[in-house]
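Residue-level structural notes
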Amino acid sequence: MLVGIMAALALTGCSSPVTIELSEEESNLIAEYAAGKLVEYVRGHPGGLMILEDVDRADVNPGMQKEELEEPDNPPMPDSLPAPDMPQDDTGDGSFDEGAGSIQDADGSDAPADVPEDIATVPSVALEDALGTDGAMLTYTYYETASHYPENDTEIAFSMKAAAGKELLILHFDMSNPTDGDIEVVTDSDNFKVRLMLNGSTRLRGDVTFLENDLMNYHGILAAGETVDSVLVFEIPEGEEVSSMDLLIVTDDGEEQYSLMKV
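How each quantity is defined
The residue numbers shown here count from 1 along each chain, following its written sequence. Local features in a predicted model are, by the rule used here, given only for residues with pLDDT of at least 70; side-chain atom pairs are given and counted only at 80 or more, and totals for whole chains, interfaces and linings are based on all residues. Only heavy atoms go into the side-chain values, all of them from the structure, while hydrogens and water stay out. Aromatic contacts are taken between Phe, Tyr and Trp rings whose centres are within 6.5 Å, Trp giving its six-membered ring; a plane angle under 30 degrees counts as stacked, one over 60 as edge-to-face, and the others as tilted. Numbering of helices and strands runs from the N terminus; a helix is a DSSP stretch of H or I covering at least four residues, while a strand is a stretch of E covering at least two. Each residue gets one of three labels from its accessible area relative to the maximum for its type: buried under 20%, exposed over 50%, partly exposed in between, using a 1.4 Å probe on protein chains only. Positive residues here are Lys and Arg, negative ones are Asp and Glu, while His and the chain termini are left out of the count. Whenever a carboxyl oxygen of Asp or Glu lies within 4 Å of a side-chain nitrogen of Lys or Arg, that contact is scored as a salt bridge. Each polar contact in these results corresponds to two N or O atoms within 3.5 Å; when the atoms are within protein, one needs to be able to donate a hydrogen and the other to accept it, and residues that are neighboring in sequence are counted only if both atoms are side-chain atoms. Nonpolar side chains (Val, Leu, Ile, Met, Phe, Trp, Tyr) are joined into patches within 5 Å and like charges within 9 Å, using only residues with over 30% relative accessible area and no salt bridge. Note on areas: these come from Shrake-Rupley sampling with a 1.4 Å probe, and a residue is covered only by the protein chains present in the view. Values of pLDDT, which run from 0 to 100, indicate the predictor's confidence residue by residue. Whether two residues touch is decided by their heavy atoms; if any such pair falls within 4.5 Å, the residues are in contact. Pairing between two strands is assigned when DSSP locates at least 2 bridges connecting them.

Focus on the packing of aromatic side chains
- Taken as a whole and judged by the stated rule, the model has 1 aromatic pair.
- Between Tyr140 and Phe173 the ring centres are 5.6 Å apart and the planes differ by 65°, which places this aromatic pair in the edge-to-face class. With a gap of 33 residues between them, Tyr140 in strand 5 (residues 137–146) and Phe173 in strand 8 (residues 166–176) connect regions that are remote in the sequence.
- Residue classification places Tyr140 among the partly exposed residues on the basis of a relative accessible area of 21%.
- Judged by relative accessible area, which is 1%, Phe173 ranks as buried.

With respect to the side chain of Glu235
- Position of Glu235 among the secondary structure elements: in strand 13 (residues 227–237).
- Here Glu235 sits buried without a salt bridge, and the closest side chain of opposite charge, Lys166, lies 5.7 Å off (N-O distance).
- A polar atom in the side chain of Glu235 sits 2.9 Å from the backbone nitrogen of Ala163.

As for a nonpolar patch on the surface
- A cluster of nonpolar residues, Ile20, Leu22 and Ile30, forms a patch on the protein surface that exposes about 240 Å² of accessible area.
- In this fold, Leu22 is placed in the loop between helix 1 (2–12) and helix 2 (24–39).

A short note on the confidence of the model for the protein
- For the protein, mean pLDDT is 74; residues scoring 70 or higher make up 58% of the total.
- Taken together, the stretch residues 51–55 has pLDDT below 50 and engages in 4 contacts with residues farther than four places along the chain or on a different chain.
- Ignoring residues within four places in sequence, the model shows residues 86–120, a span with pLDDT below 50, making 23 contacts including any to other chains.

Some thoughts on the pairing of strand 15 (residues 254–261)
- Strand direction decides the pairing type here: strand 14 (residues 245–251) and strand 15, joined by 7 bridges, are antiparallel. Each bridged residue has a counterpart across the sheet, and for Met245 the counterpart in strand 15 is Met261.
- Hairpin remark: strand 14 followed by strand 15, antiparallel, with 2 residues in the connecting loop.

As structure tokens, then:
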């Protein structure tokens, strides 16, 4: 329509006004189109401007990751539900022994009331199986903190730098081949998530890196008897003291906890 108007003006000159005859249906279509375009720029309208709040930038910039909201393992019971009856032992003389109750496992079997903490947190699978190192053994050795890692790396694409006000927490593991043949180790972070419980309260997310020795995405061949250094990298507030660490591996089958350092 606009091209037709411009062509008419070019042929007839500005002295002759151009008029366009529109039917009622055409006028309604134009009005409806204009209203739709205006709605696109109305903030908050279902068809208008939207605010991006749920974009996960963790894989792009670790300094911009969102803190995870932890859900309690045992959600509180509603006030409307009656309190469960406590097991009591009838002594036969009309009294009850209050200390005769026992704790039951998930399968209903009785378990001792006092369970040592180190027994209660024993993982059901080895760390090697949780990460899928295919026969290679993993042994935690030490940790270090730094503003960037590796210290002497000149390749910017394969180094990490902490965000402002943060520092990197690097956990080192010896990855060894105990067999008499070569082992190809391939780990894939699409199959698991790595978290770290720091100082018993702070849950940290493992950073995805391009480091060649990153345990989250490792690809290499270990010769018989060979041992190499591998790492997991996290980010913590600058200057934070490290007193205890528990490594958490989350898969579709659940979460496994591995104690690396105790108070």
